Amino acid sequence: MRSRQVAQRATTAIALYSGDMTEIQHYQVLREFDGFEVRLNSACWIADVQVQGTDFDSAGNLGFRPLVSYISGGNGAQQSIAMTAPVLVQKVSSDSSMASHTISFVLPANLSQAPAPSNARVTVRHVPQETVAVLRYSGRSNQTAYERKRDELLAILAKHNLKVVGPDRLARYDPPWTPWFLRRNEVQLPIADTRNSG
């Protein structure tokens, strides 16, 4: 019975992901540049799942379902958690034969404590506020397009003497059935705090 309820909630969560009611991760724009912006992301809870032995383009789909199950009541509190955007994809292994990626859901801002996952593949963590450089682009978010935009952002950051302090990640704001030309994608790179710089 519980598995059926979780499946029904998962279907609802996926449906809401396609609508305009999806909560967006809270952030403040600190600086705007030609081609990118610097944001301060608010502290938040994140749910992660590791996907191993697959390529970048498949990892997001393979990691999506366990995370949807988690927010749909597949947790120790049997708590339904609202779907938010973006979904994050980060490559954590450069070994092409056994590539490893982390797929993440940013949990709602009003969540004071993330419930423990029922699935051992899913982990939760609290992330403090973070300064990130963001390059937004539309269209497809496959590995080729993403890496081209990531390299573009890295070159711009070097030009502006902004120091990268963490690994890059893809942020997807739309479900996969959204027409490719309407999709919102971002390259996000953690950088040193710029608030005290000139």
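Residues numbered from 1 in each chain as written. Predicted model: local features only at pLDDT ≥ 70, side-chain atom pairs only at ≥ 80, totals over all residues. Heavy atoms only, no water.

Quick word on the sheet that holds strand β2 (residues 27–33)
Okay, so step 1: What the nine strands build is an open sheet, ordered β2-β3-β9-β11-β10-β6-β7-β4-β8; its pairing is antiparallel. In this open sheet, the two edge strands, each paired with only one partner strand, are β2 and β8 (122–127). Taken over all neighbouring pairs, the strand axes of this sheet differ in orientation by 30° on average, direction set aside.
Okay, so step 2: Here strand β6 (residues 87–91) pairs with strand β10 (residues 169–172) via three bridges, running antiparallel. If you follow Leu88 over to β10, its bridge partner there is Ala171. (Pairing = 2+ DSSP bridges. Helix = DSSP H or I, 4+ residues; strand = E, 2+ residues; numbered from the N terminus. Axes fitted to C-alpha atoms, helices over the stretch in contact; angles between N-to-C directions.)

Here's the deal with the pairing of strand β11 (residues 184–190)
Okay, so step 1: Buried residues dominate β11, accounting for seven of its seven residues.
Okay, so step 2: Alternating positions in β11 separate into two faces, Arg184, Glu186, Gln188 and Pro190 on one and Asn185, Val187 and Leu189 on the other, with burial throughout.
Okay, so step 3: Bridge count between β10 and β11: four bridges; the pairing is antiparallel. Bridging from a neighbouring strand, Ala171 pairs with Glu186 of β11. (Buried < 20%, exposed > 50% of the residue type's maximum accessible area, 1.4 Å probe, protein only.)

Considerations on the packing of aromatic side chains
Okay, so step 1: Here the structure, examined in full by the defined rule, presents four aromatic pairs.
Okay, so step 2: Between Phe33 and Phe36, the aromatic rings sit 4.6 Å apart at their centres with planes inclined by 5°, giving stacked as the arrangement.
Okay, so step 3: Exposure remark for Phe33: the relative accessible area of 19% places this residue in the buried category.
Okay, so step 4: Between Trp180 and Phe181, the ring centres sit 5.8 Å apart and the planes meet at 90°, which makes this aromatic pair edge-to-face.
Okay, so step 5: Over the ring of Tyr173 we find Arg184, and its NZ or CZ is 3.8 Å from the ring centre. (Phe/Tyr/Trp six-rings, centres within 6.5 Å; stacked < 30°, edge-to-face > 60°. Lys NZ or Arg CZ within 6 Å of the ring centre and 35° of its normal.)

A closer look at unusual backbone geometry
Okay, so step 1: The linkage connecting Ala85 with the following residue, Pro86, adopts the cis geometry, with an omega of 5°.
Okay, so step 2: Its place among the elements puts Pro86 in the loop between β5 (84–85) and β6.
Okay, so step 3: Non-glycine residue Gln78 carries a positive phi angle of around 50°.
Okay, so step 4: You can call Gln78 partly exposed: its relative accessible area is 44%.

Brief notes about the nonpolar core
Okay, so step 1: Core analysis: the biggest nonpolar cluster contains 36 residues, and Phe36, Tyr70, Ile103, Phe105, Leu107, Leu153 and Leu157 have the highest contact counts within it.
Okay, so step 2: When contributions to this core are tallied by element, the ones reaching two or more residues are β3 (36–41), β4 (44–52), α2 (56–71), β6, β7 (100–106), β9 (130–138), α3 (143–159) and β11.
Okay, so step 3: If one sorts the elements of this core by residue count, α2 sits on top with seven residues.
Okay, so step 4: The residues touching Leu153, leaving out its near neighbours within four places in the chain, are Phe36, Ala133, Leu135, Val187 and Leu189.
Okay, so step 5: Counting residues in hydrophobic clusters, the runner-up holds eight residues, among them Cys44, Val127, Ala171 and Tyr173. (Core = buried A, V, L, I, M, F, W, Y, C linked by side-chain atoms within 4.5 Å. Contact = heavy atoms within 4.5 Å.)

Here's the deal with the pattern of salt bridges
Okay, so step 1: Under the counting rule described, the total for this entry stands at seven salt bridges.
Okay, so step 2: Notably, a salt bridge pairs Glu186 with Arg39, separated by 2.7 Å at the nearest N-O pair. Taken together, the residues Glu186 in strand β11 and Arg39 in strand β3 connect sequence positions 147 residues apart.
Okay, so step 3: With a shortest N-O distance of 2.4 Å, Asp48 and Arg125 are connected by a salt bridge. With Asp48 in strand β4 and Arg125 in strand β8, this pair connects stretches of sequence that are 77 residues apart.
Okay, so step 4: Connected via shared salt-bridge partners are Glu37, Arg39, Arg184 and Glu186. (Salt bridge = Lys/Arg side-chain N within 4 Å of Asp/Glu carboxyl O.)

A look at the side chain of Asp48
Okay, so step 1: You can call Asp48 buried: its relative accessible area is 5%.
Okay, so step 2: Contacts of Asp48, omitting those with residues within four sequence positions, involve Leu67, Thr102, Ile103, Ser104, Arg121, Val122, Thr123 and Arg125.

The values reported here are purely geometric and, on their own, carry no functional implication.
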